[in-house]
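One-letter residues, chain by chain:
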2 protein chains.
Amino acid sequence: MGQQPITFLRQVMALCTYPNLLDSPSFPEDAKKRARRILQACGGNSLGSYSASQGVNCIREDVAAYITRRDGVPADPDNIYLTTGASDGITTILKILVSGGGKSRTGVMIPIPQYPLYSAVLSELGAVQVNYYLDEDNCWALNVQELRRAVREAKEHCDPKVLCIINPGNPTGQVQSRKCIEDVIRFAWEEKLFLLADEVYQDNVYSADCRFHSFKKVLSEMGPEFSSNVELASFHSTSKGYMGECGYRGGYMEVINLHPEIKGQLVKLLSVRLCPPVSGQAAMDIMVNPPVPGEESFEQFLKEKESVLSNLAKKAKLTEDLFNQVPGIRCNPLQGAMYAFPRIVLPPRAVEAAQAHNMAPDMFYCMKLLEETGVCVVPGSGFGQREGTYHFRMTILPPVEKLKTVLQRVKDFHIQFLGEFA
Amino acid sequence: MGQQPITFLRQVMALCTYPNLLDSPSFPEDAKKRARRILQACGGNSLGSYSASQGVNCIREDVAAYITRRDGVPADPDNIYLTTGASDGITTILKILVSGGGKSRTGVMIPIPQYPLYSAVLSELGAVQVNYYLDEDNCWALNVQELRRAVREAKEHCDPKVLCIINPGNPTGQVQSRKCIEDVIRFAWEEKLFLLADEVYQDNVYSADCRFHSFKKVLSEMGPEFSSNVELASFHSTSKGYMGECGYRGGYMEVINLHPEIKGQLVKLLSVRLCPPVSGQAAMDIMVNPPVPGEESFEQFLKEKESVLSNLAKKAKLTEDLFNQVPGIRCNPLQGAMYAFPRIVLPPRAVEAAQAHNMAPDMFYCMKLLEETGVCVVPGSGFGQREGTYHFRMTILPPVEKLKTVLQRVKDFHIQFLGEFA
């Protein structure tokens, strides 16, 4: 998609990989300092050694320091677990939470639309997927009344124990208000639900009137009744934000209020796979410990970071504006994350044609779009949506000019499609 | 443990990580050539992009070419799956094979002693662990009569479907003869068992009268009745051999004779976690595609490789010889892998003392060894052993002089221990 890696990250990674480069004058001193620090914490001073199953100590300390700076409330390195991307962390936590059979099977509440990792892992673990619907008419907001409905109905056939939140939303791009997060925490406390906060898009917030609030921060500020009791796991990743280093599979989770015995079981479970990739752990360290003012690399780092983020913000606006000019497409503001999830109105004749092809109507639409324009988007049915509504998910990652072309093609296609099935 | 990384591997990895280095005169041309080839196959020419869930195409092709050279029989890149270390591959394959409940629960045959990944994953998946015992009196050989006994007894309470083999053995270090592998394959064919060949120590063979034979090669040479029917998954890793790059979590599996529909399910399952770390995939590429005669880096590579392997061979012999000088310790030849698994005779009074401490006798012994000498070894009960026998596992990885000190301390401790509990 043309997004370039952050130079500082790659420099530190190269120094860690091949420490002979520590003598090279072509690498900045601050990058060398970071690399030496990471290597000193690795067995044999090498990225090639196994680390502890929970992750390299100094990297967990850096993650805790990052969270402390971000939230203004302390984080404990002992609660940080480095993971193989966020997916691995989410899977692991769900694995220790899911149990039972019949009516005591664990129910896991997930948003609809959702990121399909959740439905896949729940199916793999034999958990019950409990859907709660985001409010499309209200910018995909999370409504606590809807959580209550979902948990009430779920209790008739399973044991709801976990509530998953994706904030900023994937695929829906909403950013939750502080008020909403407080309501969700209160609900989790009342219902004794384990909160699972997927916050991998925390650096991807574009709307001027939105801010990212971590569940950890809000929980910590709600007083001891909540902060000492509500169990929470929050996830982050090197794959999103302005780094976009998906291939390194770096991630962490912070888990709070977990019973010490369960903590022991969690580490035991993690140790079966030995350790997360140490290169991904190093990438995570650089992400949470980037150059600061006064350091040699700071200016270039800041320029690169802001360029990625301001471009994403521009593309978010562009996408929303263009989609909302098209008759039969309605797109909520892309407050955060990296996707548009517009609603498309499909004419009854198109729905019939899809049924004749034995396809979901939005799948039929997306396949035609792909065949006729070369643009590939994912049908809403892959993420879940209210019965009778249709959507697709599109990333906003292409470079601005390419994205404009893509949007124009979707627009032209859509108008032609409406004509064809009018 | 003082083992240095292979320079060529780290050079290619550094070039892939920070491609600006491709212009640097301090990197050899053959390393640059490898790096360019890997990067060209990566999305956006970057290790930071997601790869296909099965792994980067050109790396799977290189793995297939490596297997073809190794075995003299062709390998198909389509049967190669890159993994997050071998543990991840083994877990994934077991996940698709295990099913059922009650008497139809899947039984998985594993050697005793075993590498504890197996027991952990079987317990996680709810499979039935079916033990077959290796023949300690016969150099830890695998005896097909014992397989027959194990499967016959297992059929009374589960459905044995999978046979796991570790060759060279961990923790037992034996290298299987070709004859033995043929017998095992015939047995798997008769019993319709899926063969799971853990061959991560294939480069670690030290005894002059032993050679590594891959299950794939032997199977392919046994004629179409076997080669077209017996399902086999074989695993390899960047963590062992002469590379020892554990931290990168690189691995592959080759899966043959898998039904096309199951293949589809396997890829679907893998795709939930997106992809294995691309840096680990790159490390695997270098492992299967090292410098060849005529290339600039070949001589240094060969020197480094042979230094690691000849040192390991020397340490294997040293360890075996020293242990067998100690009264009450008996150690089979370390034909391969990286461990000694000596049998220790514990006096009845030591067994009683252990029981008084509520500990397994070999755990009691290993804890005393640790406390009194600082040497940390793992009790045989962690790997499984015949009732009433005791062992410990020790790696042979420390540098020669340190290993000599360690062995001397174990010897002195053991003699003193025998005296104490005489």
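Residues numbered from 1 in each chain as written. Chains lettered and ligands numbered in written order. Predicted model: local features only at pLDDT ≥ 70, side-chain atom pairs only at ≥ 80, totals over all residues. Heavy atoms only, no water.

(A) Region of the structure containing the relation of the copies chain A and chain B. By a simple turn and slide, chain A fits onto chain B: the slide is 0.0 Å along the axis, the RMSD is 0.0 Å, and the turn is 180°. The superposition of one copy onto the other is thereby described by a two-fold rotation axis. Of every C-alpha in chain A, the one belonging to Ala 14 of chain A sits nearest the axis of rotation, 2.4 Å from it. A symmetric contact is evident, with 100% of the interface residues of chain A recurring at the interface of chain B. (Least-squares fit on C-alpha atoms with pLDDT ≥ 70 in both. Contact = heavy atoms within 4.5 Å.)

(B) Just the nonpolar core, in detail. Within the largest apolar cluster, 216 residues are counted, with the highest numbers of intra-cluster contacts made by Ile 93 of chain A together with Ile 93 of chain B. Residue contacts for Ile 93 of chain B: discarding those within four places in its chain leaves Phe 194, Leu 196, Ala 233, Phe 235, Met 253, Val 255 and Leu 266 of chain B. (Core = buried A, V, L, I, M, F, W, Y, C linked by side-chain atoms within 4.5 Å. Buried < 20%, exposed > 50% of the residue type's maximum accessible area, 1.4 Å probe, protein only.)

(C) Fine view of empty space enclosed by the protein. Tallied over the entire structure, the rule returns five cavities of 30 Å³ or more. Counted as a void, the largest cavity has a volume near 540 Å³. Contributing elements (two or more residues each) for the lining of the largest cavity: strand S1 (80-84), helix H4 (85-97) and helix H10 (260-271) of chain A together with strand S1 (80-84), helix H4 (85-97) and helix H10 (260-271) of chain B. Looking at the lining of the largest cavity element by element, the count peaks at five residues for H4 of chain B. Of the residues that constitute the lining of the largest cavity, the class distribution is 14 nonpolar, 11 polar and 10 charged. (1 Å grid on protein atoms, 1.4 Å probe; cavity = no way out; pocket = protein on both sides within 12 Å on 5 of 7 lines; lining within 4 Å. Points joined across faces, edges and corners; volume = space filled by probe spheres on them. Helix = DSSP H or I, 4+ residues; strand = E, 2+ residues; numbered from the N terminus. Nonpolar A, V, L, I, M, F, W, Y, C, P; charged D, E, K, R; others polar.)

(D) Summary view of the domain arrangement of chain A. All names here are of chain A. Considered domain by domain, chain A is made up of domain 1 (50-288) and domain 2 (304-420). The centre of domain 1, based on its C-alpha atoms, is set 28 Å off from the matching centre of domain 2. In this assembly, 28 residues from domain 1 lie in contact with 26 residues from domain 2. Together, the buried faces of domain 1 and domain 2 total about 2,300 Å²; carbon and sulfur atoms form 57% of this surface. (Domains from an automatic or database assignment. Buried area = accessible area lost by both parts, 1.4 Å probe.)

(E) Geometry of the environment of Glu 306 of chain A. Among the secondary structure elements, Glu 306 of chain A is positioned in helix H12 (residues 298-325). Separated by 64 residues in sequence, Glu 306 of chain A and Tyr 242 of chain A place their C-alpha atoms 8.2 Å apart.

(F) View of the side chain of Thr 238 of chain A. Inspection of the secondary structure assignment puts Thr 238 of chain A in the loop between strand S6 (232-237) and strand S7 (250-256). In this view, Thr 238 of chain A contacts Met 243, Gly 244, Glu 245, Cys 246, Gly 250, Gly 280, Ala 283, Met 284 and Met 287 of chain A; residues no more than four positions away in its chain are not counted.

(G) Spatial organisation of the packing of aromatic side chains. Scanning the model with the defined rule gives 28 aromatic pairs over all chains in all. On the numbers, 5.2 Å between centres and 55° between planes, the contact of Trp 189 of chain A with Phe 226 of chain A is tilted. Placement of the pair is Trp 189 of chain A in helix H7 (residues 178-191) and Phe 226 of chain A in helix H9 (residues 224-227), with a sequence separation of 37 residues. The class for Trp 189 of chain A is partly exposed, based on a relative accessible area of 32%. The exposure class of Phe 226 of chain A is buried, given its relative accessible area of 10%. Ring centres of Phe 341 of chain B and Phe 383 of chain B lie 5.7 Å apart, and the angle between their planes is 80°; this geometry places the pair in the edge-to-face category. (Phe/Tyr/Trp six-rings, centres within 6.5 Å; stacked < 30°, edge-to-face > 60°.)

(H) Representation of the sheet that holds S7 of chain A within the structure. Residues and elements named next belong to chain A. Strand order in the open sheet formed by seven strands is S1-S7-S6-S5-S4-S2-S3, with mixed pairing between adjacent strands. This sheet does not close on itself; its edge strands, each paired only once, are S1 and strand S3 (128-133). If you compare each strand with its neighbour and ignore which way they point, the axes differ by 25° on average. In this structure, S1 lies alongside S7, joined through five bridges in antiparallel fashion. Across the sheet, Leu 82 pairs through a bridge with Tyr 252, a residue of S7. (Pairing = 2+ DSSP bridges. Axes fitted to C-alpha atoms, helices over the stretch in contact; angles between N-to-C directions.)

(I) Summary view of a nonpolar patch on the surface. Residue and element names in this part refer to chain A. Judged by side-chain polarity, Met 363, Met 367 and Leu 370 come together as a nonpolar surface patch covering roughly 210 Å² of accessible area. Inspection of the secondary structure puts Met 363 in helix H14 (residues 361-373). What makes Met 363 partly exposed here is its relative accessible area of 33%. (Patch = residues over 30% accessible without salt bridge, like charges linked within 9 Å, V, L, I, M, F, W, Y side chains within 5 Å. Areas by Shrake-Rupley, 256 points an atom, 1.4 Å probe, with all protein chains shown as cover. Salt bridge = Lys/Arg side-chain N within 4 Å of Asp/Glu carboxyl O.)

(J) Highlighting the environment of Phe 417 of chain B. All names here are of chain B. Its location among the elements puts Phe 417 in helix H15 (residues 400-420). Remark: the alpha-carbon pair of Phe 417 and Ser 234, spanning 183 residues in sequence, is separated by 42 Å. Each residue touching Phe 417, except ones within four places of it in the same chain, is listed here: Leu 346, Pro 347, Ala 350, Phe 364, Tyr 365 and Lys 368.

(K) Quick look at the packing of helix H1 (residues 7-17) of chain A against helix H11 (residues 278-288) of chain A. Residue and element names in this part refer to chain A. Between H1 and H11, the least distance of the axes is 10 Å, while the angle of their chain directions is 140°. In terms of orientation, H1 and H11 fall into the oblique class. Remark: the crossing between H1 and H11 carries right-handed chirality. Facing Phe 8, Leu 9, Val 12 and Met 13 of H1, the residues of H11 in contact are Ser 279, Ala 282, Ala 283 and Ile 286. (Parallel < 35°, antiparallel > 145°, perpendicular 65-115°, else oblique. Left-handed = near helix turned anticlockwise from the far one by under 90°.)

(L) Inspection of the side chain of Gln 54 of chain A at higher detail. Residue and element names in this part refer to chain A. Tracing the chain through its elements places Gln 54 in the loop between helix H2 (29-41) and helix H3 (57-71). Looking at Gln 54, its side chain comes within polar contact range of the main-chain oxygen of Ile 80, at 2.9 Å. For Gln 54, the contacting residues outside a window of four places in its chain are Arg 60, Pro 77, Asp 78, Ile 80, Tyr 81, Leu 82 and Val 267. (Polar contact = N/O pair within 3.5 Å; in protein donor to acceptor, adjacent residues only side chain to side chain.)

(M) Up close: helix H7 (residues 178-191) of chain B. Over its 14 residues, H7 of chain B runs 20 Å from end to end, which matches the ideal 20 Å to within 8%, given 1.5 Å per residue. Count one or two residues on from H7 of chain B and you reach Lys 192 of chain B, which has phi positive near 55°. (Expected span 1.5 Å × (residues − 1).)

(N) Molecular detail of the UniProt feature "domain: Aminotransferase class I/classII large" (unreviewed entry) in chain A. Feature annotation in UniProt assigns "domain: Aminotransferase class I/classII large" (unreviewed entry) to the following positions: residues 11-409 of chain A. Here residues 11-409 of chain A is 44% helix and 15% strand, with 39 Å between the C-alpha atoms at its ends. (UniProt positions renumbered as here; feature names shortened; annotations may be inferred.)

(O) Just the sheet that holds strand S6 (residues 232-237) of chain B, in detail. All names here are of chain B. Strand order in this open sheet of seven strands is S1-S7-S6-S5-S4-S2-S3, and the pairing throughout is mixed. Unpaired on one side and paired on the other, S1 and strand S3 (128-133) mark the two borders of the sheet. On average, each strand axis in the sheet is inclined to that of its neighbour by 25°, with strand direction left out of account. For strand S2 (residues 106-112) and S3, the ladder comprises six bridges, and the chain directions are parallel. Looking across to S3, one finds that Gly 107 is bridged to Val 128. Each of S2, S3, strand S4 (159-166) and strand S5 (194-198) touches helix H5 (residues 117-125); the most contacted strand, S2, lies at about 165° to it. Here helix H6 (residues 144-154) sits on the sheet and contacts S2, S3 and S4; the angle it forms with S3, its principal contact strand, is near 155°.

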